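# Coordinates in review
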Amino acid sequence: MTYAITQTCCNDATCVAVCPVNCIHPTPEERAFGSTEMLHIDPRACIDCGACADACPVDAIFPVDSLSAGQREYADINAAYYEGGEPAPGTTEGPNFHAWGEPVFGRSLPSDFGPLRVAVVGTGPAGMYAAQDLLLHTAAEVTLIDRLPVAGGLVRYGVAPDHPATKKVGDTFSRFHSHPRVRMHLGIEVGRDVTAEELAAHHDAVIYAVGASTDRRLGIPGEDGPGCLSATSFVAWYNAHPEAVAQGVDLSAERVVVVGNGNVALDVARILVADPEALAGTDIAAHALEALRASRVREVVVLGRRGPEDAAYTRSELLALKHLPGVELVVDDHDPRTGAAIDASGAGDRAALLRGLARVRTDAVAPTTPDGAARRIVLRFHSGPVEILGDGDVRTVRVTDGGGGAVDLAAGMLLRAIGYRGLPVPGLPFDEASGTVPHEGGRVAGLPGGYVVGWIKRGPSGGIGANRTCAAETVGTLLADAVAGALPAPTGDARAFRRLARRRNRRVVDARGLAAIDRAERDRGRRDGRPRVKLATVEELVATARAGRLPRLSR
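Our subject in this report is the structure included herewith. Source: prediction; values computed, not measured.

### Here's the deal with the sheet that holds strand E10 (residues 228-230)
In sheet architecture, strand pairing relies on hydrogen bonds along the backbone and comes in two forms, parallel and antiparallel. Spatially, 7 strands are ordered E10-E19-E11-E12-E15-E13-E14 in an open sheet, and the strand pairing comes out parallel. In this open sheet, the two edge strands, each paired with only one partner strand, are E10 and strand E14 (358-360). Averaged over all adjacent pairs, the angle separating strand axes in this sheet is 25 degrees, with direction ignored. Bridge count for E10 against strand E19 (residues 413-416) is 3 bridges, and the pairing is parallel. Bridged to Cys228 within E19 is Leu414.

Dropping the structure here:
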């Protein structure tokens with residue numbers, strides 16, 4: 001028996017580090033790492049020890065013989081990654097003699113290297129991987145800062161609620177929230193409450209992990225009207241983001257058009273047609289669950305400007321759609337190039353996953369669902385939006401037909417999911433073209449002691465696990481600068497920064513306040529049979545943090 005990596009793989013390579021026989025690839029040292037959608041276990045070398053499954057932060061690894069019906073394809077996906085490859089030299093006599101590369105020691109700190117005081121701005125995966133690296137491998141003191149009064153970032157507000165295993169990576173990060181060398185200041189925004197200069201004056205270094213918080217625009221007529229939303233705001237709405245609660249979402253129409261072909265596009269399409277009672281067992285926002293229960297949406301049309309061979313979604317996310325109960329996944333064959341690409345695709349091609357799906361023509365006037373399926377998702381390739389029409393709201397979306405013409409699809413909402421974009425951070429340089437902070441190995445250009453990690457560093461690419469290697473590079477650069485004496489000396493200490501932060505914002509939440517929020521949300525969830533019920537406004541979060549803080553323990 002062997003193990004297989006499944007849909008929720010986060011690519012952070014924790015499993016690679018614990019594998020005793022080097023049977024998980026690509027490794028961070030290999031060129032393909034970061035460009036593959038997921039990691040793969042070689043069934044020829046796996047010794048069934050289970051170390052990878054124990055270490056996986058998102059519960060993505062299982063014995064092949066225990067895979068559910070919806071996961072069995074992953075046994076073949078793992079094996080197919082190694083097909084045609086010759087065993088590495090030295091492996092023919094058994095997996096324990098698997099070839100290993102030369103050991104690599106990327107960092108070397110002097111024995112008298114003293115503790116640094118480092119601020120990390122942002123508590124999502126990028127920031128927490130950086131904090132984890134510093135706390136586990138140095139004696140650094142870390143100040144965690146977030147503009148929201150609760151930690152989590154992308155894990156809390158970006159991962160779809162029906163992906164609970166992916167959210168488990170948050171448990172890995174949360175154990176550092178109460179670390180004795182961590183000080184937490186939640187609800188503090190750089191540029192509003194404190195300046196970048198003030199932050200730098202109280203720390204040896206500052207790592208900015210602020211992500212890419214806005215979305216790219218379509219640039220078509222009607223885009224700014226009611227009923228045309230960004231996927232960013234829709235995801236925030238169903239994940240109970242405090243800044244999205246007031247934005248009601250109208251689900252009274254039978255058809256929604258989603259523009260984009262990435263994982264976020266599939267996420268929002270899936271949530272729109274999923275059984276609300278299945279979502280009731282997740283941490284979806286209470287207001288979103290209520291709206292979805294009353295929803296009239298029966299069809300979601302997902303538009304992709306290019307063909308199925310160029311789709312940006314991962315195989316695992318598409319496979320998840322194929323197994324969604326009560327939902328039919330179909331392909332719009334309005335353009336002959338779509339069917340040709342599917343029919344000509346090889347076994348390992350992304351387009352091959354669409355074989356066997358029904359090919360239909362989308363009705364311009366009203367959605368059509370087949371017998372036995374309450375709702376459906378239509379993948380329409382070689383088609384993009386031209387104009388959004390309506391009298392005060394969305395009534396029609398005009399889309400290209402692949403032959404130089406256009407067709408009008410009746411729809412009540414359009415969601416654009418064509419990518420995220422970073423915003424400038426006051427006090428830091430910013431590249432408008434890429435939406436990132438200019439840097440060299442994570443070191444901010446022209447700002448000694450300033451560093452970036454995550455999407456604000458490399459652009460909106462890569463999932464949660466990609467931030468682990470990204471953070472390792474940035475922390476390595478920071479430590480090299482510290483050893484070289486290139487970090488400016490701070491003029492204030494941790495206590496002075498705490499006083500400054502609380503003077504500027506009286507509603508700052510610390511680690512004990514965060515723990516109180518977590519307890520309250522889990523208690524609410526237990527009453528409703530859910531993992532948690534999120535507090536959905538800044539006022540609720542701050543009030544709960546203040547009311548539920550545990551008494552300070554004497555030291």
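### Some remarks on the nonpolar core
Ranked by size, the top nonpolar core spans 116 residues in total, and within it Ile24, Ile207 and Tyr238 carry the most contacts. Beyond its immediate stretch of four places on either side in the chain, Tyr238 contacts Ala160, Pro161, Asp267, Val268, Ile271, Ile284, Ala285 and Ala288. Core analysis: the second largest hydrophobic core is formed by 21 residues, Val206, Phe430, Val444 and Ala501 among them.

### Focus on the packing of helix H10 (residues 263-273) against helix H13 (residues 315-322)
Where H10 meets H13, the closest approach of the two axes is 10 Å, and the angle between their N-to-C directions is 20 degrees. On the basis of the axis angle, H10 is roughly parallel to H13. Relative to H13, the crossing made by H10 is left-handed. Here Asn263, Leu266, Asp267 and Arg270 of H10 lie close against H13, whose contacting residues are Glu317, Leu318 and Leu321. Looking at the contact of H10 with H13, its residues break down into 3 nonpolar, 1 polar and 3 charged.

### Brief notes about helix H4 (residues 125-137)
The terminal C-alpha atoms of H4 lie 18 Å apart, and with 13 residues this matches the ideal 18 Å at 1.5 Å per residue to within 8%. Counting buried positions along H4 gives 11 out of 13 residues, so the element sits mostly inside the fold. All buried positions along H4 are accounted for by Pro125, Ala126, Gly127, Met128, Tyr129, Ala130, Ala131, Gln132, Asp133, Leu134 and Leu135.

### Details of the environment of Tyr420
Within the element layout of this structure, Tyr420 appears in strand E20 (residues 420-421). Taking the relative accessible area as the measure of exposure, Tyr420 reaches 17% and is therefore buried. Along the chain, Tyr420 and Ser230 lie 190 residues apart, while their C-alpha atoms are 9.8 Å from each other. Leave out the neighbours within four places in its chain, and Tyr420 touches Ala212, Thr214, Asp215, Arg216, Thr232, Val264, Trp455 and Pro460.

### Looking at the side chain of Thr362
You can see Thr362 is positioned in the loop between E14 and strand E15 (375-380). Engagement of the side chain of Thr362 in a polar contact is seen with the side chain of Asp332, the distance being 2.4 Å.

Cut-off values and rules
Residue positions are given per chain, counting from 1 as you read along its sequence in written order. This being a predicted model, a pLDDT of at least 70 is required before a residue's local features are given, and a value of 80 or more before pairs of side-chain atoms are given or counted; all residues contribute to the totals for chains, interfaces and linings. Values reported for side chains reflect all heavy atoms of the structure, with hydrogen atoms and water molecules removed beforehand. Being paired, for any two strands, means DSSP has found at least two bridges between them. Secondary structure follows DSSP: runs of H or I at least 4 residues long count as helices, runs of E at least 2 residues long count as strands, and numbering of each begins at the N terminus. Helix axes are fitted to C-alpha atoms over the stretch in contact, other axes to C-alpha atoms as well, and angles between N-to-C directions run from 0 to 180 degrees. Buried residues of nine kinds, namely Ala, Val, Leu, Ile, Met, Phe, Trp, Tyr and Cys, make up a nonpolar core once their side-chain atoms join them within 4.5 Å. A 1.4 Å probe rolled over the protein chains alone gives each residue an accessible area, and that area as a share of the maximum for its type sets the label: buried under 20%, exposed over 50%, partly exposed in between. The contact rule is simple, with two residues in contact once any of their heavy atoms fall within 4.5 Å. When an angle is under 35 degrees it counts as roughly parallel; over 145 it counts as roughly antiparallel; between 65 and 115 it counts as roughly perpendicular; any other value is oblique. Handedness of a crossing follows from how the near helix is turned relative to the far one, being left-handed for an anticlockwise turn of less than a right angle and right-handed for a clockwise one. Residue polarity follows a fixed list, in which Ala, Val, Leu, Ile, Met, Phe, Trp, Tyr, Cys and Pro are nonpolar, Asp, Glu, Lys and Arg are charged, and the others, Gly among them, are polar. Expected span of a helix: the number of residues minus one, times 1.5 Å. We define a polar contact as two N or O atoms separated by no more than 3.5 Å, with the added condition that, inside protein, one atom must be a possible hydrogen donor and the other a possible acceptor, whereas residues neighbouring each other in sequence contribute only through side-chain atom pairs.

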